[in-house]
Amino acid sequence: MRWAVVLLVLAVVVAGIAFGIRAIAGALGGGGADDTPDPAPATSEAAAEPTSDPATPAECSAEGLTVELASDAGAYALGQTAVFTLTLTNVGEAPCTIDAGRTAAQLVVTSGADRVWSSADCEPGDPRLLLLDAGSSDVSAIEWATNRSAPECPTDLPPIGAGTYQATVTTSTTTTEPLVFTVG
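Everything in this summary refers to the structure shown in the same document. (Residues numbered from 1 in each chain as written. Predicted model: local features only at pLDDT ≥ 70, side-chain atom pairs only at ≥ 80, totals over all residues. Heavy atoms only, no water.)

1. Regarding the state of the cysteines
Disulfide: a covalent bond connecting the sulfur atoms of a pair of cysteines. Evaluated as defined, the whole model comprises two disulfides. What pairs with Cys60 in a disulfide is Cys96, and their sulfur atoms sit 2.0 Å apart. Residues Cys60 and Cys96 share a disulfide whose torsion about the S-S bond is about 85°; that sign makes it right-handed. Pair noted here: Cys60 is in the loop between strand E1 (58-59) and strand E2 (65-71) and Cys96 is in strand E5 (residues 96-99), with a separation of 36 residues, a long-range link. A relative accessible area of 4% means that Cys60 is categorised as buried. (Disulfide = S-S within 2.5 Å. Helix = DSSP H or I, 4+ residues; strand = E, 2+ residues; numbered from the N terminus. Buried < 20%, exposed > 50% of the residue type's maximum accessible area, 1.4 Å probe, protein only.)

Listed below in structure tokens is the structure:
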């Protein structure tokens, strides 16, 4: 029994020494298993982190995107359908995104100061979101029935007449040069 008392006293002394060492280490900043770690100090690297996900491509910029408009003919008869070709090309070094839907990439036909028709007027359709890899292009066709349109698509518009017209496409980044053609 005497050995049991000696072992008990020895265990209490060892536990006391361990507790004391732990208390001294905690006071000196060593921390123990139950301590909550201090938050990491802010560094200049943390402040310089990008605000967007690098895996998500950015929207195409005006410098990184060419927008070209062409037509299937230089002259159309009244009532004939004109077909325009829209080509969007990513000339940047990284993939980018753009909405090429009929409202976001809007084709407008004018004659002088008269706004004759827009692809966004009567059937604007849904967005057409594109991811263009560097150097890649998207080609789409836009048809115009050589008629007049207006916002909210009224039905009592006068017919167009013979004359010179021009078409432009406006995207989120640019407007094309006018494409001139005749109808009549």
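2. Some details on the sheet that holds strand E4 (residues 82-90)
Taken in spatial order, the three strands line up as E2-E4-E9 in an open sheet, and their pairing is antiparallel. Single-partner strands in this sheet number two, and they are E2 and strand E9 (137-144). Taking each pair of neighbouring strands and ignoring which way they run, the sheet shows an average axis angle of 20°. Pairing geometry for E4 and E9, over eight bridges, is antiparallel. Paired with Thr85 across the two strands is Ala141, which belongs to E9. (Pairing = 2+ DSSP bridges. Axes fitted to C-alpha atoms, helices over the stretch in contact; angles between N-to-C directions.)

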